[in-house]
Amino acid sequence: MGPARQLRQQVISGECSAEEILNQTLEAVTRHNSRLHAFLRIDEAQARQQARQIDDRRGRGAALGLLAGVPIAIKDNICTRWGLTTCGSRILADYRSPFDAHVIERLLAADAVLVGKTNLDEFAMGSSTENSAFGPSRNPWNPDYVPGGSSGGSAAAVSAGLVPLALGSETGGSVRQPASFCNLTGLKPSYGRVSRYGLVAFGSSLDQIGPFATDVADLALLLQVIAGRDSRDSTSVELPVPDYVAELEQPLDRLRIGVAAEYFGDGLDSQVRNAVEQAIREYEKWGAEIVEVSIPHLRYAIACYYLVCTAEASSNLARFDGVHYGHRTAERGDIIQLYSRSRAEGFGAEVKRRIMLGTYALSSGYYDAYYLKTLKVRRLLKEDFDRAFARVDVLISPTSPVPPFRFGERLADPLAMYLADIYTAATNLAGICGISIPCGFTSQGLPIGLQLQAAAFNEARLLRIARAYQQHTSHHTRRPELPR
Ligand code: GLN
C-alpha cells in the first residue's frame, strides 16, 4: 500500500475509491494478521460505512478531508464508540466506550477510514507487547522478535503494510521504541499538543497520543489532523497548530545538532551506536553544526520515570474495581472481596506490580522519600533539556539502546525491560517532543532507529530536520518481506 498522501490523492481524483482501498487493506489483514497479531479486532462494518460515505460525498462533489479514504489503525487504549476498547486487559475484555476520543472525532472529520484496534501491552505498560492479555504481536521483520511496545500492534500493522498510518500512545517511549524496532517513523508530541480526551489514562502527566507512519511527510499529515486544543483535556494547550505539511518545505538553515554523551554510555549495543554515529557524520556532511551538550540527570531518568508512572497508574487504575468499571468476579463475598477478587482476576502481573510500586511510593512515610523527591529530579531533568535547547535545535541519540530482542528474552527480568526505556522516558518527563526515524539495520537485518528530540512545541522544526535525513537516505523506504 502506498503512502497516505498518495492514497488521498487517488481518492480525491477518483482514481480509486475509499472502498477499494479498504478492500485491499482487509485482504492484507486476512493474509497476515493471524501470524502478526497486530490487530486485536477489525471493525469491518464501521469501516465500510465510513468508506462508502466518503465515496458518496465525493460523488456529490463535496470537498474531502486531509486523510480522505486513508485506512488507519488505532491502539486499543483509545476509546471508540463502536466495537470494544480493551487496553489489552482482561479487566476490560468486553468494555464498550460510550464516547469517541478527541483524536477519533478528528480522524472521522478528516475522512480517514478507521480499520480496527491494535494490540498493546496491558494498559500500555511494557516495551514488547508480551504483557498483552491477548497474546503478543510479532515483528514483521522477523516473527521471532518483538515489535517493541507498548504500541507494538500499531507498529506491526504499518510496518507490514496493512495500513499506511496508525495511532499509538506514549508514556515513556511506546511510540518511538516500536517505531525503531519496526523501521517506522514515530512521534511523541509535546505534552499538551494532542488532546488526551478518550485515551485511557496510565500516567496522566506523561501520556500523549502519537502517530506512526512510514515517513515524515505522512506523519506530518496525521499530526496536522490530531493536534490542537480541546476543552475536554485541560492540559491541551491553546497554541495555534502550525501547518506541519507546508512547513516541511521550509529551508533548514543554521542547523545545530546536540550530542550528549549520556546517550552513548554503558549498555549501548555496538551496532546501534555505529548506525547513530554514522547518521551524525552524515548530518555534519550536509552542513549541520554538531555541538556537544550534556543532560547530566539522564542517569536518573529510569528511576524517576518508574516512580512517576507507577504512582499515577496506581491512582488512575483504582477505577477498575468491578463496580465502576471492568470485569466483576463471580465469587462476590463482601465489598472488599468483590474489589480484590475482581482486580486479582482482571489485571495481569505487570499491571499489579506497577499498582503496588506506585501505591508504596505514595503511601505516608514514603511519599517524601520517593514521590516528592522524584518530582524534584524531574524538574532538574527538564532544566537540563532547557539548557541544551538554548544552544541546539535538536538532540540526536539512539531511540533504544538495543535492537529488537527475542520473545521471552527480557520477560523474566522486569528491570532489564525497564532499562530499555533509558533514552525515551526522559522526553515524557520533560514534556518535550521526540521522533524516531530509521537509520540502518543490524547484521541480522533488524531495524535500528535514531531519535531526535526538540523543545516543547517545536514539532515543525523537528519534523523538518528528520525529513532532511529521509531526503538523503533510503533506510525508511525498506519494507519487510512477508510470506505470501
Ligand atoms: N516501556 C515503558 C513502560 O513500560 C513505556 C510505556 C509507554 O510509553 N506507554 O512504561
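To be clear, the structure that these remarks concern was listed above.
Residues numbered from 1 in each chain as written. Predicted model: local features only at pLDDT ≥ 70, side-chain atom pairs only at ≥ 80, totals over all residues. Heavy atoms only, no water.

It is worth spelling out the overall build of the protein at this point. Within the protein, the secondary structure is distributed over 16 helices and 11 strands. Scaling as 2.2 N^0.38, a compact globule of 484 residues should have a C-alpha radius of gyration of about 23 Å, and the protein matches this with 21 Å. For the protein, the residues scored as buried account for 61% of the 484 residues in total. Within the protein, contacts between residues separated by at least 24 positions form 77% of all contacts whose residues are at least 6 apart in sequence. About 18100 Å² of surface is accessible on the protein, with carbon and sulfur atoms providing 50% of the total. (Helix = DSSP H or I, 4+ residues; strand = E, 2+ residues; numbered from the N terminus. Rg over C-alpha atoms; globule rule 2.2 N^0.38 Å. Buried < 20%, exposed > 50% of the residue type's maximum accessible area, 1.4 Å probe, protein only. Contact = heavy atoms within 4.5 Å. Areas by Shrake-Rupley, 256 points an atom, 1.4 Å probe, with all protein chains shown as cover.)

On to the site of the ligand, then. In the region of the ligand, 15 residues are neighbours, and T171, G172, S174, Y305 and R354 sit closest. Between the ligand and the protein, one listed contact pairs a nitrogen atom with a side-chain N or O atom of S127 at 2.8 Å. A distance of 3.2 Å is found between an oxygen atom of the ligand and a backbone nitrogen or oxygen belonging to G173. Tallied by class, the residues present in the shell around the ligand amount to 5 nonpolar, 7 polar and 3 charged. (Near = heavy atom within 4 Å. Polar contact = N/O pair within 3.5 Å; in protein donor to acceptor, adjacent residues only side chain to side chain. Nonpolar A, V, L, I, M, F, W, Y, C, P; charged D, E, K, R; others polar.)

This structure, assessed with the given rule, holds 24 salt bridges. Its salt-bridge partner being E19, residue R48 comes within 2.8 Å of it at the nearest N-O pair. Of this pair, R48 sits in helix α3 (residues 44-59) while E19 sits in helix α2 (residues 18-36); the two residues are 29 residues apart in sequence, bridging distant segments of the chain. A network of salt bridges, in which partner residues are shared, links E19, E44, R48 and R52. (Salt bridge = Lys/Arg side-chain N within 4 Å of Asp/Glu carboxyl O.)

As a further point, take the side chain of N77. With respect to the element layout, N77 can be found in the loop between β2 (71-75) and α4 (102-109). Within the structure, N77 has its side chain in polar contact with the side chain of S169 (distance 3.0 Å).

Below, the discussion takes up unusual backbone geometry. Each neighbour pair has its own omega, and for G149 with S150 the value is 5°, a cis peptide bond. Examined against the element boundaries, S150 turns out to sit in the loop between β3 (113-118) and α5 (152-159). A positive phi angle, close to 70°, is found at A124, a residue other than glycine. Residue classification places A124 among the buried residues on the basis of a relative accessible area of 5%. The phi dihedral of N183 falls on the positive side, at around 65°, and the residue is not glycine. Note on placement: N183 falls in the loop between α6 (176-181) and β5 (185-188). By relative accessible area, N183 is classed as buried at 0%.

This next bit is on the state of the cysteines. Taken as a whole, this structure holds 0 disulfides when the rule is applied. Free of any disulfide, C79 has its nearest cysteine sulfur in C87, 7.0 Å distant. Unpaired in terms of disulfides, C433 finds its nearest cysteine sulfur in C439, a separation of 19 Å. (Disulfide = S-S within 2.5 Å.)

On to the packing of aromatic side chains, then. Taken as a whole and assessed by the stated rule, the structure comprises 18 aromatic pairs. Aromatic side chains F99 and Y197 sit 5.2 Å apart centroid to centroid with 40° between the ring planes, which places their arrangement in the tilted category. Placement of F99 in the loop between β2 and α4 and of Y197 in the loop between β5 and β6 (208-213) is noted, with a sequence separation of 98 residues between them. Using a relative accessible area of 28% as the deciding quantity, one classes F99 as partly exposed. The exposure class of Y197 is partly exposed, given its relative accessible area of 23%. Through a chain of ring-to-ring contacts, the aromatic side chains of Y95, F123, F320, Y325 and F347 assemble into a single cluster. Its guanidinium or amino end placed over the ring of F405, R410 lies 5.1 Å from that ring's centre, counting from NZ or CZ. Over the ring of F441 we find R478; its NZ or CZ atom is 3.8 Å from the centre of that ring. (Phe/Tyr/Trp six-rings, centres within 6.5 Å; stacked < 30°, edge-to-face > 60°. Lys NZ or Arg CZ within 6 Å of the ring centre and 35° of its normal.)

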